[in-house]
Amino acid sequence: MKHIRTKIGRRAFIRNSSLASGGLVLGFSILNSCKPRDAEIMDVREMPKEWFDINAYLKIGDNGLVTIFSPNPEFGQGVITSMPMIVADELDIDWEDVIVEQANLNAEDFGWQFTGGSQGIRRRWQGLRMAGATAKQMLKEAASNSWQVPITELTVSKGIISHRASGKSAGYGEMASLAAELEVPKEVPLKEIQDFTIIGKSKKNVENHKIITGQPLFGVDYQFEDAMIAMVVHPPAFGLKLKSFDGSNILKMPGIVDVFKIKTLEEDFTRGYFDTNAFTELIAIVGKSTWEVMNAKKRLIADWEPIADYSFNIDRFGTKIEMNVPSGMESTNAHYEKMKEMAAVPAKKVRQDGDPEAVFKNAETVIERSYSCPFLAHNCMEPMNFFAHVTEDGAKLAGPLQAPGLTEGSVAARLGLPVEKIEIELTRMGGGFGRRAYGHYAIEAALISKQSGYPVKLIYSREDDMTFGIYRPSYHATYRAALDNKNNLIGFHVKAGGVPESPLYANRFPAGAIDNYLAEEWEINSNITIGAFRAPRSNFMAGVEQSFLDEVSEALGKDPIDFRLELLQRAKENPVGEENDYDPDRLAGVLKLVREKSNWNQNESDVYRGVSAYFCHNSYAAHVVDVVMDNGSPRVEKVVCAVDCGIVVNPDAATNMAEGGIVDGIGNAMYGVISFKDGKPEQTNFDNYRIIRCSEAPKQIEVYFVESEIDPTGLGEPPFPPVFGALANALYKATGKRYYHQPFNADRSTLMG
């Protein structure tokens, strides 16, 4: 049995340990009259008269009900269910006796409360298990002391502690008050994987009932007495800033109470990693209703002027960087022309194995292809919003955030308040995809509340959000493969860049599988702000890498899956280099599983298939996409997905996440684009920003998970990137045309060359 040190003091958790993200901060006060939000669904048992805090993650009622707090923000990926499942399993409580609540921001209790990068379960796995195991150990110790029997003779099942020799038994509720007075054990045993009773068993989302009945959960639902509605007006184009405005006319409009300028970040402020903000000077309009404020926005008179080059300092988790922002009004056509120029000249070498220059010079055949993608907007279904009430005593904020701990510090710095006077309540998010990691809208709400003197709910319109920036960057990559006179792959070269960052992962497959390998990168600076977008950089590189490998396999006359497996076998048995960041066995494993489950070798004549496999965010995913021709147009009929993400906590939720990533990937690959003309986004709402429609989603999706005893390694993002390549490869089989430029329904081959 595995034991784990709790690393807990009597009243505090040592947060500098590797388990910081799953911290246990102990509080032993009895909470009277504490009614959890989910009380209405507990229709069989009465609510406890008293609750006992066992640790920061859970409290136990005197009747045995357990409230488990989910520490990370929830935006549809299911952590509000899966995280408490982990605690409950180690606690050995019946899932039917669990009530789940969303924890608010509390770094002292919960450490790093961040949802993103597919790191939620991965980073909290040990800490959540420790929380449940520690509570169980303390409850058993309480029973041991009470009954005067050795703790080793006690067993626990579904919240009942038993001593077989004496015939004594008690529920957790009977021992909770005694357990709450005990010292925290220095070490606790964890379950063996085969002993899990909740982990690995599908559980319904604990918020399903509230969602389908329309109960308040999201930031836009948040209500506060006498709160006003606020909206902001930002420059109409990147490369512009506010010169002046006249709000006198809108102050006469019904419901409008104030209009003024705010400055979200001061010039000398060192920005944090998620303080991205293109427009730091905004006009705020405050009124009594959303409709009245939206009408006032339309009549606001404002003048804008070009920005000059400027710079600011950023702290990327301890690394200080100076960022330089160029002036100018950028356009998509100019971006693509510059990309072609950059792709044609030598770039920064990131990795080189062997002598690729000589190999390419002497190759019998060189295959070269270029790929590109546009900027993309996140387009969360719930628009950006945040509530703030700032007074002399402090600030209360509430809303949807992926990285509330980082936003808290920025809000505190901007308001000139100590962090302990900032309170942030976490609401459910109507989508995130990386967009809600950037908390500028929370700072805006706080500044508007402070200056207006009102509690306010800030709301973005769809146009506000889609034109504010923090997009998926625009990327370009050129791949080359060298073949000898026996048609062997002897060299591989990738050169990638983008506006304003490179998407390159130099040490990913097929690095390590080819003797002569070169990876180069370049960047084009820009004043258009970018940010994390589901599987950052991988969402481009996976698709183009896997598309190119298909072309190479075709040139070699090999089956696409067999070709990839050959390369992976080489990377396993005789790897090139020591920096390869993937496990060849696990990547080969998902390829083999998807080959089996899709019946790859028994394809029907009227079904056109494409395959793709990729490693990112510590996990592995492979897809087979089936396309059929429908009245002369290709249509995705079916997708088979194989994933290796370690232990799967909640299989139904994991399947849902993979399905969502697949549909999202197909939609972005086929239709997504943000383009610019003179700095202005040309797509501003869903009337001209195309997203996938219900009729265009695959008719069938099958998801399979590799059975594993590896600790969870991430799932929110890994199924997303491979879809782009599998779809492109299937479309080629169906149409005879290779797709090099996203979106596929408007391939810009002529422009890009």
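For the structure given in this document, a descriptive report is provided here. (Residues numbered from 1 in each chain as written. Predicted model: local features only at pLDDT ≥ 70, side-chain atom pairs only at ≥ 80, totals over all residues. Heavy atoms only, no water.)

With respect to empty space enclosed by the protein
For the structure on display, the rule yields eight cavities of 30 Å³ or more. Taken as a whole, the largest cavity encloses approximately 80 Å³ of empty space. Around the largest cavity sit Tyr 479, Phe 492, Val 494, Leu 504, Tyr 505, Arg 508, Phe 509, Pro 510, Tyr 517, Met 541, Glu 545 and Tyr 614, which together line it. Counting residues per element, the ones that place at least two in the lining of the largest cavity are β26 (489–499) and α12 (538–556). Classifying every residue of the lining of the largest cavity by side-chain character gives 10 nonpolar, no polar and two charged. (1 Å grid on protein atoms, 1.4 Å probe; cavity = no way out; pocket = protein on both sides within 12 Å on 5 of 7 lines; lining within 4 Å. Points joined across faces, edges and corners; volume = space filled by probe spheres on them. Helix = DSSP H or I, 4+ residues; strand = E, 2+ residues; numbered from the N terminus. Nonpolar A, V, L, I, M, F, W, Y, C, P; charged D, E, K, R; others polar.)

Re the layout of surface pockets
In this structure, the second largest pocket occupies an estimated 480 Å³ of space. Lining the second largest pocket are 24 residues, with Lys 263, Ala 278, Thr 280, Ile 307 and Tyr 310 sitting closest to its centre. For the lining of the second largest pocket, the class distribution of residues is 13 nonpolar, five polar and six charged.

Thoughts on the sheet that holds strand β33 (residues 700–705)
The strands making up a sheet are joined through hydrogen bonds of the backbone, oriented either antiparallel or parallel. If you trace the four strands from one edge of the open sheet to the other, you get β28-β29-β30-β33, paired in mixed fashion. Unpaired on one side and paired on the other, β28 (608–616) and β33 mark the two borders of the sheet. Across the sheet, the axes of successive neighbouring strands diverge by a mean angle of 20°, strand direction being ignored. One ladder, built from nine bridges, connects β28 with strand β29 (residues 619–630); its direction is antiparallel. Bridge pairing in β29 links Ala 613 to Ala 622. Across the face of the sheet, helix α15 (residues 651–671) comes into contact with β29, β30 (633–644) and β33 while running at roughly 130° to β33. This element, helix α16 (residues 721–735), spans β28, β29 and β30 of the sheet and lies at about 160° to β28. (Pairing = 2+ DSSP bridges. Axes fitted to C-alpha atoms, helices over the stretch in contact; angles between N-to-C directions. Contact = heavy atoms within 4.5 Å.)

Some thoughts on the packing of α15 against α16
Here α15 crosses α16 at 60°, and the two axes come no closer than 9 Å. Put simply, α15 runs oblique to α16. Considering only the axes of α15 and α16, their crossing is right-handed. Facing α15, whose interface residues are Gly 661, Ile 662, Gly 665, Ile 666, Asn 668, Ala 669 and Met 670, α16 presents Val 723, Phe 724, Leu 727 and Leu 731. Split by residue class, the contact of α15 with α16 holds eight nonpolar, three polar and no charged. (Parallel < 35°, antiparallel > 145°, perpendicular 65-115°, else oblique. Left-handed = near helix turned anticlockwise from the far one by under 90°.)

A look at the side chain of Asp 92
Following the sequence through the fold, Asp 92 ends up in the loop between α1 (79–91) and β6 (98–102). For Asp 92, the contacting residues outside a window of four places in its chain are Lys 136, Val 156, Ser 157, Lys 158, Gly 159, Tyr 172 and Lys 191.

Quick look at the pairing of β30
Here β29 pairs with β30 via 11 bridges, running antiparallel. Within β30, the position partnered with Tyr 620 by the bridge is Asp 644. As defined by bridge partners, β30 adjoins β33 across six bridges and the pair is classed as parallel. Each bridged residue has a counterpart across the sheet, and for Cys 641 the counterpart in β33 is Val 703.

Some details on the pairing of strand β27 (residues 516–523)
Most of β27 is tucked away: six of the eight residues are buried. In the sheet, strand β19 (residues 348–353) pairs with β27 via five bridges, with the strands oriented antiparallel. Bridging from a neighbouring strand, Asp 353 pairs with Tyr 517 of β27. (Buried < 20%, exposed > 50% of the residue type's maximum accessible area, 1.4 Å probe, protein only.)

A short note on a nonpolar patch on the surface
A grouping of Met 381, Phe 686 and Ile 691 is seen on the molecular surface, where their side chains present a nonpolar patch of about 270 Å² in accessible area. Tracing the sequence through the fold places Met 381 in the loop between β20 (365–373) and β21 (385–391). Given the relative accessible area of 55%, Met 381 is considered exposed. (Patch = residues over 30% accessible without salt bridge, like charges linked within 9 Å, V, L, I, M, F, W, Y side chains within 5 Å. Areas by Shrake-Rupley, 256 points an atom, 1.4 Å probe, with all protein chains shown as cover. Salt bridge = Lys/Arg side-chain N within 4 Å of Asp/Glu carboxyl O.)

Some thoughts on the sheet that holds strand β15 (residues 281–287)
Pairing within the open sheet is mixed, and its seven strands lie in the order β13-β15-β11-β24-β21-β22-β23. Both outer strands of the open sheet, β13 (256–263) and β23 (422–426), are each paired with one neighbouring strand and no more. When the angles between neighbouring strand axes are averaged without regard to direction, this sheet yields 25°. In the sheet, strand β11 (residues 228–233) pairs with strand β24 (residues 456–459) via three bridges, with the strands oriented parallel. In the strand pairing of β24, Ile 229 is matched with Lys 457. In this fold helix α9 (residues 404–415) packs onto β13, β21, β22 (394–399) and β23, with an angle of close to 145° to the strand it touches most, β23.

Some words on the environment of Gln 451
Considering the arrangement of structural elements, one finds Gln 451 in helix α10 (residues 440–452). Look at Gln 451 and you get partly exposed, because its relative accessible area is 46%. Taking the C-alpha atoms as reference, Gln 451 lies 26 Å from Ala 237; in sequence the two are 214 residues apart. In this structure, Gln 451 is in contact with Phe 260, Lys 261 and Ile 262, ignoring residues within four places of it in sequence.

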